[in-house]
Amino acid sequence: MSTELLAVLVAGPPSDDTHIRLARVREAAADVVAGCDDATDVLQGADLQLALCLLYELHYRGVDQVDDTWEWEPALLAVRQTLERPFEAALRSRAGHPTCAATDAAGVARRLFEIAADDGPGMARYVAKHADAEQAREYLVLKSLYQLKEADPHTWAIPRLTGAPKAALVEIQADEYGGGQSGHMHAELFARAMRGAGLDDSYGWYVDVVPTPVLVALNTMSLFGLHRRLRGAIVGHLAAYEMTSSIPSRLYGNGFRRLGHDAGTTRYFDEHVEADAVHEQIAGHDLAGRLAEQDPGLRDDILLGATACLAVEGDVAAFALDQWKRGASALLAPVNDVPEHRDASRT
């Protein structure tokens, strides 16, 4: 399905012929969905997740050789909807049903911090103490699809909020984007870490080698961010992301230092130790808590976003750790070093 979808998209802008081919893609999508017995099948379906990733990317920086007019093509959105419905249902199942009795900002924030206190399978601790050089590189590859556009999925929420929650989100995002200095943008700092590890820092470069759980985590952000009705979920997702970043970032930085990397490579992690210690309070109280207080009807979606974030990010970590502890790679194919002359040419 994803192969046929991409073939249609790269053939040129929308036309009568491509509409006919898209109808076949939608039928194939429906068949893929029908073949999924439960939420696990949806979340483990590489074909489904790759197709969603391609469709979502049209709303970010686009896909190579695909005309920009496809972004809002109704027939293509119909394909996306066919895949999104079971994906959202699977995410809700995977996230469970978190509850919260409070509707005030302090109470909701307190509940979010309780949820985030479960730090999952411990990838950060593993990288800090045990990962070898290749596993550390694989960690960067696994994170690259999101970190090279860090903050973008959450920025979709800005025009959908008002008052204190909007101001809080803008404050967080301003830091993520480097306070107006491109070299300080967190995405650029991550790119620098990749270059320091001899990896290609091109946007989306490693999409063909990351396992399905990585695509699920990426698609979760896009689903929540692109739908206004899920604005509570993208806020909860960001809150959980920030609440579980500061301490792990210190551990990741220590791990890369242990492996001999310099301050340029570890700066991304070191920056997040301090920044996210502040962001977690803003995200928990002023953003998520105040949004729930402002609109109590969004409280459950805020909790959904937080638990879904922790679940799918935890699935990525669990997959990688299982592979590494068995002496296997967490990637679908090996990655080569970037030639030194090419790396040196980048800013």
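In case you missed it, the structure is sitting above this.
Residues numbered from 1 in each chain as written. Predicted model: local features only at pLDDT ≥ 70, side-chain atom pairs only at ≥ 80, totals over all residues. Heavy atoms only, no water.

Any chance you could explain the overall build of the protein chain here in plain terms?
On a plain count of helices and strands, the protein chain comes out with 17 helices and zero strands. For the protein chain, whose C-alpha radius of gyration is 20 Å, the value lies close to the compact-globule estimate of 20 Å for 347 residues. The principal-axis extent of the C-alpha atoms belonging to the protein chain is close to 55 × 55 × 40 Å. Expressed as a percentage of contacts within the protein chain between residues at least 6 apart in sequence, the contacts between residues at least 24 apart total 80%. Summing over all exposed atoms, the protein chain offers an accessible surface of approximately 14,800 Å²; the carbon and sulfur share of this is 51%. Both charge centroids of the protein chain, one from 32 positive and one from 51 negative side chains, sit 3 Å from each other. (Helix = DSSP H or I, 4+ residues; strand = E, 2+ residues; numbered from the N terminus. Rg over C-alpha atoms; globule rule 2.2 N^0.38 Å. Contact = heavy atoms within 4.5 Å. Areas by Shrake-Rupley, 256 points an atom, 1.4 Å probe, with all protein chains shown as cover. Lys, Arg positive; Asp, Glu negative; His and termini not counted. Charge placed at Lys NZ, Arg CZ, Asp CG, Glu CD.)

So what exactly am I meant to see when it comes to unusual backbone geometry here?
Most peptide bonds adopt trans geometry, and most residues besides glycine take a negative phi value. Despite not being glycine, Gln 65 shows a phi value in the positive range, around 70°. Take Gln 65: it is sitting in the loop between α4 (46-57) and α5 (74-95). A residue is classified by how much of its surface remains accessible, and Gln 65, at 69% relative accessible area, is exposed. Even without a glycine there, the phi angle at Ala 151 is positive, about 90°. When its relative accessible area of 1% is taken as the criterion, Ala 151 is described as buried. (Buried < 20%, exposed > 50% of the residue type's maximum accessible area, 1.4 Å probe, protein only.)

Which parts of the structure should I look at to understand the environment of Arg 195?
The topology assignment puts Arg 195 in helix α11 (residues 186-196). Taking C-alpha positions, Arg 195 is 40 Å from Val 108, a pair spaced 87 residues apart along the chain.

Teacher, can you tell me more about the side chain of Thr 307 here?
For Thr 307, the position within the fold is in helix α16 (residues 299-325). Residues in contact with Thr 307, not counting those within four places in the same chain, are Ala 95, Pro 98 and Ile 115.

Whenever I open this one, the packing of aromatic side chains confuses me. Can you help?
As enumerated under the stated definition, the model contains nine aromatic pairs in all. Taken together, a centroid distance of 6.0 Å and an interplanar angle of 65° make the contact between Tyr 60 and Trp 156 edge-to-face. One end of the pair, Tyr 60, is in the loop between α4 and α5; the other, Trp 156, is in the loop between α9 (152-155) and α10 (163-176), with 96 residues separating them in the sequence. For Tyr 60, a relative accessible area of 16% puts it in the buried group. Measuring from ring centre to ring centre gives 5.7 Å for Tyr 126 and Trp 324, while their planes differ by 20°; the resulting arrangement is stacked. You can see Tyr 126 sitting in helix α7 (residues 123-129) and its partner Trp 324 sitting in helix α16, a full 198 residues away along the chain. Summarising the burial analysis for this pair, Tyr 126 and Trp 324 share the class buried. Linked through ring pairs, Tyr 139, Phe 190, Tyr 252, Phe 256, Tyr 268 and Phe 269 together constitute an aromatic cluster. Between the NZ or CZ atom of Lys 149 and the centre of the ring of Tyr 60, over which it lies, the distance is 3.7 Å. (Phe/Tyr/Trp six-rings, centres within 6.5 Å; stacked < 30°, edge-to-face > 60°. Lys NZ or Arg CZ within 6 Å of the ring centre and 35° of its normal.)

What's the story with the environment of Asp 276 in this structure? I'm lost.
Assignment of secondary structure puts Asp 276 in helix α15 (residues 263-294). On the accessibility criterion, Asp 276 (2% relative accessible area) is buried. Taking C-alpha positions, Asp 276 is 28 Å from Glu 88, a pair spaced 188 residues apart along the chain. Setting aside its immediate chain neighbours within four residues, Asp 276 contacts Glu 176, Glu 242, Ser 245 and Ser 246.

Before we go on, may I ask you to explain the nonpolar core in this structure?
Proteins that are soluble and globular tend to have nonpolar side chains buried together. If you look at the biggest cluster of nonpolar residues, it comprises 106 residues, and the most contacted ones within it are Leu 5, Phe 87, Leu 112, Met 123, Phe 224 and Trp 324. For this core, the leading source of residues is α16, giving twelve residues. When sequence neighbours within four positions are dropped, the list of residues in contact with Phe 224 reads Leu 91, Leu 230, Ala 233, Ile 234, His 237, Leu 304, Gly 305 and Ala 308. (Core = buried A, V, L, I, M, F, W, Y, C linked by side-chain atoms within 4.5 Å.)

Sorry if this is basic, but what is going on with the packing of helix α8 (residues 133-147) against α11 here?
Two packed helices can be described by the angle between their axes and the distance between those axes. Their axes nearest at 10 Å, the elements α8 and α11 cross at an angle of 155°. Classified by the angle their axes make, α8 and α11 are roughly antiparallel. Seen from above, α8 lies across α11 with left-handed handedness. Residue-level contacts link Leu 140, Lys 143, Ser 144 and Gln 147 of α8 to Ala 187, Phe 190, Ala 193 and Met 194 of α11. Here the residues of the contact of α8 with α11 sort into five nonpolar, two polar and one charged. (Axes fitted to C-alpha atoms, helices over the stretch in contact; angles between N-to-C directions. Parallel < 35°, antiparallel > 145°, perpendicular 65-115°, else oblique. Left-handed = near helix turned anticlockwise from the far one by under 90°. Nonpolar A, V, L, I, M, F, W, Y, C, P; charged D, E, K, R; others polar.)

Where do I start with α16 in this structure?
Note on helix geometry: an α-helix contains 3.6 residues per turn, so any two residues three or four positions apart are oriented the same way. If you check α16, its first and last C-alpha atoms are 39 Å apart, about what 27 residues at 1.5 Å a residue would give, namely 39 Å. Burial analysis of α16 places 20 of its 27 residues in the buried class, which makes it a mostly covered element. Positive phi shows up at Gly 327, right after α16, with a value of about 80°. (Expected span 1.5 Å × (residues − 1).)

Sorry, what's going on with the pattern of salt bridges here?
Pairing of side chains with opposite charge becomes possible as their charged atoms draw close. In this structure the tally under the stated criterion is 17 salt bridges. Here Glu 88 ties to Arg 92 by a salt bridge, and the two come within 3.1 Å at their closest N and O atoms. A residue pair is termed a helical-turn pair when its members lie 3 or 4 positions apart in one helix, as Glu 88 and Arg 92 do in helix α5 at four residues. Two residues, Asp 322 and Arg 326, come together in a salt bridge whose shortest N-O distance is 3.4 Å. Taken together, the shared-partner salt bridges connect Glu 88, Arg 92, Arg 229 and Asp 301 into one network. (Salt bridge = Lys/Arg side-chain N within 4 Å of Asp/Glu carboxyl O.)

These figures come from the coordinates and say nothing about function on their own.
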